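Examination of the molecular architecture
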Amino acid sequence: MSATEIQSPRSAKAPAAKVGSNRIAPQYRRNGSSKGNFEMLAWLFMRLSGVVLVVLIFGHLFVNLLVGEGIHAIDFGFVAGKWADPFWQIWDLAMLWLAMLHGTNGVRTIINDYAEKDATRLWLKIVLYAATTVIIILGTLVIFTFDPCPVVNGVQLPGGFCPAP
Amino acid sequence: MTAELAEPASKIELPAHIGGGGEIPSFDVTLRVRRYNPEVSEDATWDDFKVTMYGTDRVLDALHKIKWEMDGSVSFRRSCAHGVCGSDAMRINGRNRLACKTLLKDLDTSKPITVEPIKGLPVEKDLIVDMEPFFQSFREVMPFLINRGHEPTKERLQSAEDRERFDDTTKCILCAACTSSCPVFWTDGQYFGPAAIVNAHRFIFDSRDDAGDMRLEILNDKEGVWRCRTTFNCTEACPRGIQVTQAIAEVKQAILSRKI
Ligand code: SF4
Ligand code: FES
């Protein structure tokens, strides 16, 4: 064995791992090493998305609540007007995705830290990921398919923002 | 043989307001010790011991007095009794400390002082825990010099700046106060823990060592540095004053800059 092949005791091949693992209580035994950089990327994503979200959310609050007539201008027409503009569509889309993924990853972390049994962890995460998926898909659909003047069965729904037919 | 003979209280000068004429003041203190003996009962209980101690005494001296004069079955680890060996980390009044470095007079002696085993490791008896999971993580980061160059004929020289880079993490005495104060470690004991990362840091940033990349790869594990939530419990617990959380952050940075 050349010097470059020094094995860490945790790799399953190393005999030291077997010796060591018999001596440590089973609940402390790690099942092999995890490959890949997922946890590192998740950690990095939390920092970067956090910074971007600060800009997006404060920009959002500023435009909605302070500019022009401020909070009194908010109504259905205001939202419809914003989503007619691709700039705000992208802004809100970014806010939706980043906030959802940031929050989901945060809750995933909390589950990892506080759930003690693997089965509990699994179930909590299934619920979490299902909820996230539903909300992200629904939100994305709303932003892109939003129609301020819906016509149902040939009848214009009430609203008063649309040109009279 | 009495406790005083085995561990003579040192005659240091104390200001007059603490004791009269250079005498060492004495006071009564109650130690509330967590007792567990699996051969007798699965349940842990609290035992109170009232002892008369001196201003120069530490929690370890009180434990000695209890063990030697009151109840010989009280079990705890200690070796050097001077903060060097790291065997007597315990939870004193809810904080991880070395019993041999904690003066009784610095604690609130008007209330019972609670003494428990460190958390997160299996208790074997009273204040003694099974340290094996802790040392296993320590071994996994390969805490020894790995150098791929030619064997030098004399010592491996290093500049003062290079030595300074990892000076803080050389001070670790492997007492486990940090790892057993970490809430992430408490959950399931899978996390490598601050002590393993501190000892990896000591070699990762050593200019004479060539296996930094391997150690970074080991700590890039899902139970590695990324489980750290920067709670700072470890930094607060370390009896050697090591900036543990900072060392963990530096290892995170090193992994990131290597990957990206
Ligand atoms: S880093 Fe400090 S608290 Fe942790 S094992 Fe080393 S000396 Fe003890
Ligand atoms: S007995 Fe050695 S550190 Fe306390």
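Described below are features of the structure shown in this document. (Residues numbered from 1 in each chain as written. Chains lettered and ligands numbered in written order. Predicted model: local features only at pLDDT ≥ 70, side-chain atom pairs only at ≥ 80, totals over all residues. Heavy atoms only, no water.)

1. Concerning the overall build of chain B
Where we set the bar: Numbering of helices and strands runs from the N terminus, with a helix taken as a DSSP run of H or I at least four residues long and a strand as a DSSP run of E at least two residues long. The buried label goes to any residue with under 20% of its type's maximum accessible area, the exposed label to any with over 50%, and the partly exposed label to all in between, with areas taken from a 1.4 Å probe on protein chains only. Residue contacts are counted whenever heavy atoms from the two residues lie within 4.5 Å of one another.
For chain B, the count of helices and strands is nine helices and seven strands. Taken along the three principal axes of its C-alpha coordinates, chain B extends 60 × 45 × 35 Å. Residue burial in chain B is summarised as follows: out of 260 residues, 50% are buried. By sequence separation, contacts in chain B at least 24 residues apart represent 64% of the contacts at least 6 residues apart.

2. Considering unusual backbone geometry
All names here are of chain B. You will see that N93, though not glycine, has its phi angle at about 50°, which is positive. In this fold, N93 is placed in the loop between β3 (89-92) and β4 (95-98). A positive phi angle, near 40°, is found at D126, a position not held by glycine. Relative to the helices and strands, D126 resides in the loop between β6 (123-125) and β7 (128-129). On the basis of relative accessibility, which here comes to 2%, the residue D126 falls in the buried class.

3. What about helix α3 (residues 76-83) of chain A?
Residue and element names in this part refer to chain A. Selection criterion: Taken from the helix axis, the directions to the C-beta atoms give the arc we talk about. Each polar contact in these results corresponds to two N or O atoms within 3.5 Å; when the atoms are within protein, one needs to be able to donate a hydrogen and the other to accept it, and residues that are neighboring in sequence are counted only if both atoms are side-chain atoms.
Taken residue by residue, α3 has A80, K82 and W83 as its buried positions. Seen from one end, α3 has its buried residues packed into an arc of 160°, which puts them on one side. Packed against the buried residues of α3 are α2 (38-66), α4 (86-114) and α5 (118-145). The opening residue of α3 is D75, an N-cap whose side-chain oxygen sits 3.1 Å from the backbone nitrogen of G77.

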